[in-house]
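Chain by chain, the residues:
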Amino acid sequence: QILVSLWICLITFTETRKNEVFSALTLKVMHNILYINMASEIFTDGPMIYKTYLKIEHSDENIDFWLACEAYKKITSQRKRISMARKLFTSYIQPQAPNEINIESPVRKAIIRNIQEPTQSCFDEAQRIIYMHMERDSYPRFLESKFYQKLKHSLQTNGNNSMVN
């Protein structure tokens, strides 16, 4: 049942994100997850599979924040940057935020100081910390999870032209 739900998510994801390219850092974090090479175009299902696992584990705020930071860095309009910085702050940074991330107090305080005039890099330290949390904790747990192992086994035994590391 989980695999069926996962495939529905992947199909939806692939259809809505065909032209989106994940950053090298995203790919590095998820280097052991599935990817499909279709005619010289690589569709990375790994981030969505990992996100689905994190959702099951009730810790998807980390990947959501990390991806939101990647989008934030691409904003060129100061007006839009201020708006997005406030959304990131109220969703992830402020104490008791609905998706509060686990960052040190000095990092949180620095963001609070800079939120009125946010720069492109004002969330970089928090993003780095969240990356480390995922790299050292949730990602290795994911690779050992029954969720990932079943999916990996299913793809290998079904003879899909997928590469599984």
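Every chain begins its residue count from 1, and numbering advances along the sequence as written. Only residues with pLDDT of 70 or above have their local features reported here, since the model is predicted, and side-chain atom pairs are shown and tallied only from 80 upward, although totals for entire chains, interfaces and linings are computed over all residues. Water and hydrogen atoms were dropped before computing side-chain values, which therefore reflect all heavy atoms in the structure.

Attention now goes to helix α7 (residues 124–144). Numbering of helices and strands runs from the N terminus; a helix is a DSSP stretch of H or I covering at least four residues, while a strand is a stretch of E covering at least two. In a helix, the anticipated span is given by 1.5 Å times the number of residues less one. For α7, with 21 residues, the first-to-last C-alpha span of 29 Å sits near the 30 Å given by 1.5 Å per residue. One fitted axis covers the seven residues ending at a residue, a second covers the seven starting there, and the bend at that residue is the angle between these axes. At M134, α7 shows its strongest bend, of approximately 40°. For each residue, the accessible area found with a 1.4 Å probe, counting protein chains only, is set against the maximum for its type, and the residue is called buried under 20%, exposed over 50%, and partly exposed in between. Within α7, the full set of buried residues consists of A126, Q127, I129, I130, Y131, M134, S138, Y139, F142 and L143.

This brings us to the nonpolar core. With 35 residues, the main nonpolar core has F65, I93, I103, I111, F123 and F142 as its most contacted residues. Of all the elements in the fold, those that place two or more residues in this core are α3 (46–56), α4 (61–73), α5 (78–93), α6 (105–114), α7 and α8 (146–157). The element contributing the most residues to this core is α7, with 8 residues. Nonpolar core, defined: a set of buried Ala, Val, Leu, Ile, Met, Phe, Trp, Tyr and Cys residues in which side-chain atoms within 4.5 Å join the residues together.

Here we take up the packing of aromatic side chains. For Phe, Tyr and Trp, where Trp contributes only its six-membered ring, two rings pair if their centres lie within 6.5 Å, and the inter-plane angle classes them as stacked under 30 degrees, edge-to-face over 60, or tilted in between. Taken as a whole and judged by the stated rule, the model has 10 aromatic pairs. Through a chain of ring-to-ring contacts, three or more aromatic side chains come together here, namely Y50, Y53, Y139, F142, F147 and Y148.

For the rest of this paragraph, the subject is the environment of D64. Relative to the helices and strands, D64 resides in helix α4. Along the primary structure D64 and Y92 are separated by 28 residues, whereas in three dimensions their C-alpha atoms are 9.3 Å apart. The residues touching D64, leaving out its near neighbours within four places in the chain, are K51 and Y92. The contact criterion used is simple: two residues touch if any of their non-hydrogen atoms lie within 4.5 Å.

So, about α6. Those residues of α6 that fall on the buried side of the exposure criterion are V107, R108 and I111. For α6, the buried positions fall inside an angular range of 100° around the axis, keeping them on one side. Exposed side of α6, more than 90 degrees from the buried face: P106 and R113 are the residues found there. Buried residues in α6 make contact with α5 and α7. Comment: arc refers to directions from the helix axis out to C-beta atoms.

This next bit is on the environment of R141. Looking at where R141 falls in the secondary structure, it is placed in helix α7. By relative accessible area, which is 33% here, R141 ends up partly exposed. Between the alpha carbons of R141 and Y53 there is a distance of 10.0 Å; along the sequence they are 88 residues apart. If near-sequence neighbours (up to four positions away) are discounted, R141 is found in contact with Y53 and E57.

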